[in-house]
Amino acid sequence: MTVESTAAARKPRRSSGTKRAGVKRTPQPKATEPQLVQLLTPEGERVQNDEYDGYVADITPETLRGLYRDMVLTRRFDAEATSLQRQGELGLWASLLGQEAAQIGSGRALNDDDYVFPTYREHGVAWCRGVDPTNLLGMFRGVNHGGWDPKTNNFHLYTIVIGSQTLHATGYAMGVAKDGADSAVIAYFGDGASSQGDVAEAFTFSAVYNAPVVFFCQNNQWAISEPTEKQMRVPLYQRAQGFGFPGVRVDGNDVLACLAVTRAALERARSGEGPMLVEAFTYRMGAHTTSDDPTKYRADEERAAWEAKDPILRLRAYLERESTADEAFFAALEEESEALGKRVREAVRAMPDPDHLAIFEHVYADGHALVDEERAQFAAYQASFADAGMGTGTGSGTGFEGSAEEGK
Amino acid sequence: MAVTKLPLAKAINESLRVALDTDPKVLIMGEDVGKLGGVFRVTDGLQKDFGEDRVIDTPLAESGIVGTAIGLALRGYRPVVEIQFDGFVFPAYDQIVTQLAKMHARALGKIKMPVVVRIPYGGGIGAVEHHSESPEALFAHVAGLKIVSPSTSADAYWMMQQAIQSDDPVIFFEPKRRYWDKSEVDTEAIPGPLHKARVTRTGTDLTLAAYGPMVKVCLEAADAAAEEGKSVEVLDLRSVSPIDFDTIQTSVEKTRRLVVVHEAPVFFGSGAEIAARITERSFYHLEAPVLRVGGFHAPYPPARLEEEYLPGLDRVLDAVDRSLAY
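Counting from 1, residues in each chain are numbered in the order their sequence is written. Think of it this way: whatever chain is written first is A, whatever ligand is written first is 1, and the rest follow in order. Only residues with pLDDT of 70 or above have their local features reported here, since the model is predicted, and side-chain atom pairs are shown and tallied only from 80 upward, although totals for entire chains, interfaces and linings are computed over all residues. The side-chain figures draw on all heavy atoms in the structure; neither hydrogens nor water molecules are used.

Considerations on the overall build of chain B
Of regular secondary structure, chain B possesses 12 helices and 14 strands. Note that the radius of gyration is over C-alpha atoms, with the globule rule given as 2.2 Å times the number of residues to the power 0.38. Against the compact-globule benchmark of 20 Å for 326 residues, chain B has a radius of gyration of 19 Å, which places it among compact chains. If you line up chain B on its principal axes, its C-alpha atoms span 60 × 45 × 40 Å. Relative accessibility thresholds used throughout: buried, under 20% of the residue-type maximum; exposed, over 50%; partly exposed, between the two (1.4 Å probe, protein chains only). Of all 326 residues assigned to chain B, the portion counted as buried reaches 61%. For chain B, the computed accessible surface area is about 12,500 Å², with 54% contributed by carbon and sulfur atoms. Secondary structure elements follow DSSP: runs of H or I no shorter than four residues count as helices, runs of E no shorter than two count as strands, and numbering proceeds from the N terminus. All accessible areas in this document rest on Shrake-Rupley with a 1.4 Å probe, and a residue is counted as covered only by the protein chains that are shown.

Now the structure itself:
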């Protein structure tokens, strides 16, 4: 089954008698009025959807438990990182709290040979790609600018400049098409990024070259303190139509729907039908980063309303309703969560500072006379302190550490 | 016949042809580079011979051109992108500075960025606004980029191939007002290192250092000075990042005087960097402060005024006289 049209993709069809969900919500700006694909209601009831049910027909109770485990462990990791920032172990943290379903659902839709271009908040997608979560913390601790080899997991480094990576994804996808490969590329970005020129240019290039790229926008309602009405006047997913490819809005707190819709979009890309925009309508429950104070710009009631749609509670309700998971499963997972938290905590504290001369490493692939000169001067300067017994570099961390297998 | 006389633009064209022919991963990208062959015809005929998949006409979006080139490089391609004119590079400046320049370092060396950004630059062709600028210092200030500018057809031919083979991003500034100047190219020569300066004319009284479009002006100035009995050495720097300070130092310690000439504004320009470093290296050899000749701290003027703005023979000779007067 493929996505036949924008219109078809954005109109969830439900069988009669099923509880209609996801329409009546907290008042939102008109541009963000939800009209979204949903397979699980906030109460954890399965909703039929003719367009997308086929994409999750293979989901077994075991897979569902796996998705639940992914979300719980990602949230636990995220909470640990937030705590570590509060304890002064990290300089900054960008929490994904509330966006677990969007990230795990889309991340688990990917094949190994698909390639991911994340922002700086895709901790759940990184988990799905097998990047060890401790490797995500190096840049936030300040020991590197990205602690993993992108080619190992087909997961590019986090990109800080908003929207830049959507062009990298498009170019990479153009290369995939040139190579005749049948893999796809996925670019993550946020609602704020949709205002950036680079995102518009990425849409243009991907459409013109029919590049196999899925644009996965997590509309978490806030770009730091700016609400979506400061970014757009029409629903975000509709923007794709003007560029000549389909867009669909999915309930971003529904892991099953995110999985189904992303699978559809990836399948479309792999089969040569070009790009697609997926808008995962979700909510950032925490701050933009730990430097931010959301109490200054948004109401408590808003967060409370979204907490009722929590992606983890929703899947748990479904698992319990269907008797898919028992108490032993939840207890074991709780234990696994705590172990992960402990491992992350210890790994961060043990993370060495890089050697001082690392400043000069990898500035150029082929070397540069000025860098060589400055390295030599700085090394001599440092050595003058070593003679006085003050030492030089304190660590030997390469920045690429830890197992790549952990998240699998 | 390995030696032919070619206009500089045609030498680049031939060089791109060789690169496309030699390495299937090389791609040409830009606005109008295909059927039209570029607004200066530098890519003329390449799409016809290598196809639309190798010589890619792009949407009119500079950030998109560089940003997608980055993605293609990540996939293993070696894109050579054309920015149509100097003043149009700024929409792509973000991608060049925040992404292209830093990708290798961010990945601790695990990924390479073999992207060449071709920019026809400089004035003297009577163009409208944004078509005559020399922004090389803005790029030289950014670690992770390499910046070169040829002044002869032979250099254009060989430096382009070396830039494409480099695993680092190279900003390739093409002196557009020299595009039609013909000089000899030996396509079987063994080229020197990409970032080494060349002594173009030897002399004993003063060193003129320039690159790209200003090398010709400096050679003319040296000829004129010779008629007055002054022996002027001319250096073609060829590379703005890195700069071959060793060659400049050797020359200055012989002549004891240095004048740096470029079209870009003098303020915070490459001449300032050269003056500072040469003063550090050769302070006791200098008989005069290092002088600079270049553009003013003003927007590039309308074409009817560009001859006043651009360093010409007289302004260079005036600086030579001022230096010798110390």
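Regarding the overall build of chain A
The number of helices and strands found in chain A is 14 helices and 7 strands. Taking the contacts inside chain A whose residues are at least 6 apart along the sequence as the reference set, 77% of them involve residues at least 24 apart. Carbon and sulfur atoms provide 50% of the accessible area of chain A, an area that totals close to 15,900 Å². Residue contacts are counted whenever heavy atoms from the two residues lie within 4.5 Å of one another.

Digging into the interface of chain B and chain A
In many analyses, interface size is given as the accessible surface area lost on bringing the parts together. Between chain B and chain A, the residue contacts involve 47 residues of the former and 43 residues of the latter. By convention, the term buried area covers the 1.4 Å-probe accessible surface removed from two parts as they join, with the contributions of both added. In this assembly, chain B packs against chain A so that about 3,600 Å² is buried in total across both faces, 59% of it on carbon and sulfur atoms. Salt-bridge detection follows one rule: a side-chain nitrogen of Lys or Arg within 4 Å of a carboxyl oxygen of Asp or Glu. Connecting chain B to chain A are 6 salt bridges. Ionic pairing is found between Glu373 of chain A and Arg281 of chain B, a salt bridge with its closest N-O pair at 3.5 Å.

Structural notes on the nonpolar core
Judged by nonpolar contacts, the single largest core of 149 residues is most densely connected at Leu315 of chain A together with Ile96 and Ile248 of chain B. Beyond its immediate chain neighbours, meaning those up to four positions away, Leu315 of chain A contacts Leu40, Leu64, Leu67, Tyr68, Met71 and Val255 of chain A. Definition used in this section: a nonpolar core is a set of buried Ala, Val, Leu, Ile, Met, Phe, Trp, Tyr and Cys residues joined via side-chain atoms within 4.5 Å. If you look at the next biggest cluster of nonpolar residues, it comprises 32 residues, including Phe40, Val148, Trp158 and Met159 of chain B.

Digging into the pairing of strand S14 (residues 291-295) of chain B
Residue and element names in this part refer to chain B. In terms of burial, S14 is largely enclosed, as 4 of its 5 residues are buried. Each pair of strands is called paired provided DSSP finds at least two bridges between the two strands. Relative to S14, strand S13 (residues 258-265) runs parallel, the two being bridged by 4 bridges. When the sheet's bridge partners are listed, Val260 is paired in S14 with Arg292. With helix H10 (residues 270-282) bridging S13 and its parallel neighbour S14, the resulting β-α-β unit is right-handed. With the strands aimed away from the viewer, a crossover counts as right-handed if its path from the first strand over the helix to the second runs clockwise.

Things to note about the state of the cysteines
Throughout this description, disulfide means a covalent bond between two cysteine sulfur atoms. All names here are of chain A. Two cysteine sulfurs form what is called a disulfide whenever their separation falls within 2.5 Å. The full count for this structure, using the stated rule, is 0 disulfides over all chains. Residue Cys217 stays outside any disulfide, its sulfur separated by 12 Å from that of Cys258, the closest cysteine. Judged by relative accessible area, Cys217 falls into the buried class, the value being 0%. Here Cys258 is not cross-linked by a disulfide; its sulfur's nearest cysteine counterpart is in Cys128, at 11 Å.

Re the sheet that holds strand S5 (residues 116-121) of chain B
All names here are of chain B. Taken in spatial order, the 7 strands line up as S3-S2-S4-S5-S7-S6-S12 in an open sheet, and their pairing is mixed. Either end of the sheet is taken by a strand with one partner, and the two such strands are strand S3 (55-57) and strand S12 (239-241). When strand polarity is set aside, the average angle formed by the axes of neighbouring strands in this sheet is 20°. Judged from the 5 bridges that link them, strand S2 (residues 26-30) and strand S4 (residues 78-82) form a sheet pairing that is parallel. Directly across from Val26, in S4, lies its bridge partner Arg78. Lines fitted to C-alpha atoms define the axes, with helix axes restricted to the stretch in contact, and inter-axis angles between N-to-C directions lie between 0 and 180 degrees.

With respect to the layout of surface pockets
Residue and element names in this part refer to chain A. Detection works on a 1 Å grid of protein atoms alone, calling trapped sets that fit a 1.4 Å probe cavities and calling open sets with protein on both sides within 12 Å along at least five of seven lines pockets, with lining residues defined by an atom within 4 Å of a point. Grid points are joined across faces, edges and corners, and a volume is the space filled by probe spheres set on the points. Volume-wise, the second largest pocket comes out at about 340 Å³. Mapped by element, the contributors of at least two residues to the lining of the second largest pocket are strand S2 (185-190) and strand S4 (222-223). Gly is placed with the polar residues, together with every amino acid not listed as nonpolar (Ala, Val, Leu, Ile, Met, Phe, Trp, Tyr, Cys and Pro) or charged (Asp, Glu, Lys and Arg). In terms of residue class, the lining of the second largest pocket is made up of 7 nonpolar, 11 polar and 3 charged.

Quick look at the packing of aromatic side chains
Residues and elements named next belong to chain A. Only the six-membered ring of Trp is used, alongside the rings of Phe and Tyr, when aromatic pairs are assigned; centres must lie within 6.5 Å, and planes under 30 degrees apart are stacked while those over 60 apart are edge-to-face, with the rest tilted. In the structure shown here, the tally under the stated rule is 41 aromatic pairs over all chains. Centroid distance Tyr115 to Phe117: 5.1 Å. Interplanar angle 40°. Geometry classified as tilted. As far as burial versus exposure is concerned, Tyr115 and Phe117 are alike and both buried. Ring geometry for Phe243 versus Phe245: centroids 6.5 Å apart, planes at 35°, classification tilted.

Digging into the side chain of His288 of chain A
Assignment of secondary structure puts His288 of chain A in the loop between strand S7 (276-281) and helix H11 (300-307). Apart from residues no more than four positions distant in its own chain, His288 of chain A is found in contact with Ala94, Ser95, Tyr120, Arg121, Ile224 and Tyr297 of chain A.

Let's talk about the confidence of the model for chain B
Each residue carries a pLDDT score, the predictor's own confidence in it, on a scale running from 0 to 100. In the predicted model, chain B carries a mean pLDDT of 97, and 100% of its residues have values of at least 70. Across the assembled chains, the prediction reports ipTM 0.95 with pTM 0.92.

As for the pairing of S2 of chain A
All names here are of chain A. Burial analysis of S2 places 5 of its 6 residues in the buried class, the great majority of the element. The pairing of strand S1 (residues 115-117) with S2 spans 3 bridges and is classified as parallel. By the bridge assignment for S2, Val116 is matched with Ile186. One ladder, built from 6 bridges, connects S2 with strand S3 (residues 213-219); its direction is parallel. What sits directly across from Ile186, in S3, is Val214. Between S2 and its parallel partner S3, the chain crosses via helix H8 (residues 197-208), and the hand of that crossover is right-handed.

Here we look at the environment of Arg322 of chain B
All names here are of chain B. Looking at the secondary structure, you find Arg322 in helix H12 (residues 313-324). On the basis of relative accessibility, which here comes to 40%, the residue Arg322 falls in the partly exposed class. Distance from Arg322 to Phe267, taken between C-alpha atoms, is 19 Å for residues 55 residues apart in sequence.

Some points on the sheet that holds S14 of chain B
All names here are of chain B. Spatially, the 5 strands line up as an open sheet ordered S9-S11-S10-S13-S14, and their pairing is mixed. Each edge of the open sheet carries a strand with a single partner, namely strand S9 (198-201) and S14. Strand-to-strand twist across the sheet, computed as the mean angle between neighbouring axes with direction ignored, equals 25°. With 3 bridges joining them, strand S10 (residues 206-210) and S13 adopt parallel strand pairing. Bridge pairing in S13 places Leu208 opposite Val259. Set on the sheet, H10 makes contact with S13 and S14; between it and S13 the angle comes to about 155°.

Here's the deal with the environment of Pro193 of chain B
All names here are of chain B. Assignment of secondary structure puts Pro193 in the loop between strand S8 (182-186) and S9. Put simply, Pro193 and Gln162 are 31 residues apart on the chain and 8.5 Å apart in space, counted from C-alpha to C-alpha. Apart from the residues within four sequence positions on either side, Pro193 is in contact with Gln162 and Arg238.

Thoughts on the pattern of salt bridges
Overall, the coordinates contain 49 salt bridges over all chains when judged by the stated rule. Asp155 of chain B is the salt-bridge partner of Arg198 of chain B, the closest N and O atoms lying 2.9 Å from each other. One end of the pair, Arg198 of chain B, is in strand S9; the other, Asp155 of chain B, is in helix H7 (residues 153-165), and 43 residues separate them in sequence. On the accessibility criterion, Arg198 of chain B (30% relative accessible area) is partly exposed. For Asp155 of chain B, a relative accessible area of 7% corresponds to the buried category. Taken together, the salt bridges that share partners define one network made up of Glu373 and Glu374 of chain A together with Asp246, Glu273, Arg277 and Arg281 of chain B.

Comments concerning helix H2 (residues 61-86) of chain A
In this model, H2 of chain A (26 residues) spans 38 Å end to end at C-alpha, consistent with the 38 Å of a helix rising 1.5 Å per residue. Directly after H2 of chain A, the chain includes Gly88 of chain A, whose backbone phi takes a positive value near 85°. The span one expects for a helix is its residue count, reduced by one, times 1.5 Å.

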